[in-house]
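As a plain string of letters, each chain reads:
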Amino acid sequence: LPISTRMAWHWAARGHAIWLFLATLLLAGLTFATKIQPGVEKRHYHSPLQMIPSPICDVSPIPRSLKTSHLELVGLYSMISVSWPDIPGGSSGDIVALFTPAESVYEGKSPVKFFPVELSQGEVHFKVLNMRQDFLFAYMSANGSVMAVSHTVKVVEKDIPTQVHISVTDKASEMRVSWVSASREGQGVFFQSNDNGLEFVPSSATTYSESDMCGAPANSTGFMDPGYLHSAVLTGLESGATVHYTVAKRHSLLLGRSFSFRVPARGSPVRTHLTCFGDMGKGEPDGSMEHWEEQPALNTTLRMLQGIEETDAVLHIGDVSYAVGYAAQWDEFYHQIEPIASRVPYQQCPGNHESDFPGANTIFQTTDSGGECGVPYGMRFVQPSGPSSIVKGGVNQESMYYSMDIGAVHVVMMSTEHTFSKGS
């Protein structure tokens, strides 16, 4: 049973090491509650993308009558206003949707997110992330017919590193930095720890494809190119040291992005703070609708950020992004947690909504992962011993269990979706 939670839980340990068996927490089904922050509307939409039909382009040429406030996206994201005149045949129940990449609207793919339309003419405001590809907006009728589109909006800095997050390795003197970009080669991390000199570590990169998925919508209407998934390991880090790092191309800091983190203190006595929860997902701050939206996730993220200075690591135990086959939601999730995950190790364990699918190498053969069968989860989050590999039915099962030392605490992470019987 995943943990149902809406607030961060802090574990403090002093003196000797404490073995923290998270599987026990999962079975206990601990529930925490918190008030929604002012201005965050309480919504819980599980499957709006499944409730709208795939786009049908049955008019040629499709009128480009949607107007956008920007023709270019620069940086990590932009707020873009989309307006439209009176659409012939338009009615309540229609939607205005974001399609990334732009050509996906003509390929029958699902949109990233959308606004329901109340009037045949009007304006909405999207927060659009840099997902490494040009995009457009479309006006769709309730039956899926594309009635109008915008001009394509160009993404200027496709290679900027996004979704930066750190995680521990199996050595206390190391930290792994991970991120996403449009290209495979020539990237890495510049870092400096305390008074030591500036060092550069090149990254290794991987990706995954539509054919690596187990079923729909992950291998059909929900798939989007994930870009290249980079990681680099920083070594020689001292206990309690502050590390400043920049993710960039080796020969250019032009699109580089800088962060810092504190190495969890080791030794005894030492105080260790862990923030633990499960079932978070992501929410849309712009008011639009996306697949499996969890508005309280914005509140949980804010609470974590408020306590970041005293946090040594985050443990996200199952049901991570709730992408459930809609790939763009992984980009949305890692963008949401980046202010935390770029500063403290963000350790994860999979749940049913990352792993389970008929034919997947899981105990439960439900459709809960939307055909992902653990591939996006396993390839985006690198566990302490190293990257996962794609196998039939998902990723190698070794990546579903691991343990690690964080300060005074030894943590055991176990997936209850995969067999953990003797000899597994």
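Details of the structure are given in the entry above.
All values derive from a computational prediction rather than experimental measurement.

Turning to the pattern of salt bridges, a few remarks are in order. One pass over the full model with this rule turns up 12 salt bridges. Where K158 meets D134, a salt bridge forms, and the shortest distance between an N and an O atom there is 3.0 Å. Of the two residues, K158 sits in the loop between β12 (154–155) and β13 (162–167) while D134 sits in the loop between β9 (122–129) and β10 (136–140), which places them 24 residues apart along the sequence. Look at K158 and you get partly exposed, because its relative accessible area is 30%. One salt-bridge network, in which partners are shared between bridges, spans K113, E284 and D286.

What follows is about the packing of aromatic side chains. Two descriptors summarise a pair of aromatic rings, namely the distance from one centre to the other and the angle between the planes of the rings. Summed over the entire model, instances satisfying the criterion amount to 13 aromatic pairs. Centre to centre, the rings of F115 and F126 are 4.9 Å apart; their planes meet at 80°, and the pair counts as edge-to-face. Of this pair, F115 sits in strand β8 (residues 113–116) while F126 sits in strand β9; the two residues are 11 residues apart in sequence, bridging distant segments of the chain. When its relative accessible area of 10% is taken as the criterion, F115 is described as buried. For the ring pair F190 and F200, a centre distance of 4.6 Å and an interplane angle of 55° mean the geometry is tilted. One end of the pair, F190, is in strand β15 (residues 187–193); the other, F200, is in strand β16 (residues 199–202), and 10 residues separate them in sequence. By relative accessible area, F190 is classed as buried at 16%. Through a chain of ring-to-ring contacts, three or more aromatic side chains come together here, namely F115, F126, F135 and F137. The ring centre of Y77 lies 4.4 Å from the NZ or CZ of K127, which sits over that ring.

At a minimum axis separation of 9 Å, helix α3 (residues 296–306) and helix α4 (residues 328–341) run at an interaxial angle of 15°. By the angle between their axes, α3 is roughly parallel relative to α4. Here α3 and α4 pass one another in a crossing that is left-handed. When α3 is examined against α4, the residues A297, L298, T301, M304 and L305 are found in contact with a partner set consisting of Q336, P339 and I340.

The next subject is a nonpolar patch on the surface. A contiguous nonpolar surface patch, about 290 Å² in accessible area, is contributed by I363, F364 and F420. Turning to its location among the elements, F420 is positioned in the segment after β28 (409–414). A relative accessible area of 46% means that F420 is categorised as partly exposed.

Calculation rules
Residues numbered from 1 in each chain as written. Predicted model: local features only at pLDDT ≥ 70, side-chain atom pairs only at ≥ 80, totals over all residues. Heavy atoms only, no water. Salt bridge = Lys/Arg side-chain N within 4 Å of Asp/Glu carboxyl O. Helix = DSSP H or I, 4+ residues; strand = E, 2+ residues; numbered from the N terminus. Buried < 20%, exposed > 50% of the residue type's maximum accessible area, 1.4 Å probe, protein only. Phe/Tyr/Trp six-rings, centres within 6.5 Å; stacked < 30°, edge-to-face > 60°. Lys NZ or Arg CZ within 6 Å of the ring centre and 35° of its normal. Axes fitted to C-alpha atoms, helices over the stretch in contact; angles between N-to-C directions. Parallel < 35°, antiparallel > 145°, perpendicular 65-115°, else oblique. Left-handed = near helix turned anticlockwise from the far one by under 90°. Contact = heavy atoms within 4.5 Å. Patch = residues over 30% accessible without salt bridge, like charges linked within 9 Å, V, L, I, M, F, W, Y side chains within 5 Å. Areas by Shrake-Rupley, 256 points an atom, 1.4 Å probe, with all protein chains shown as cover.

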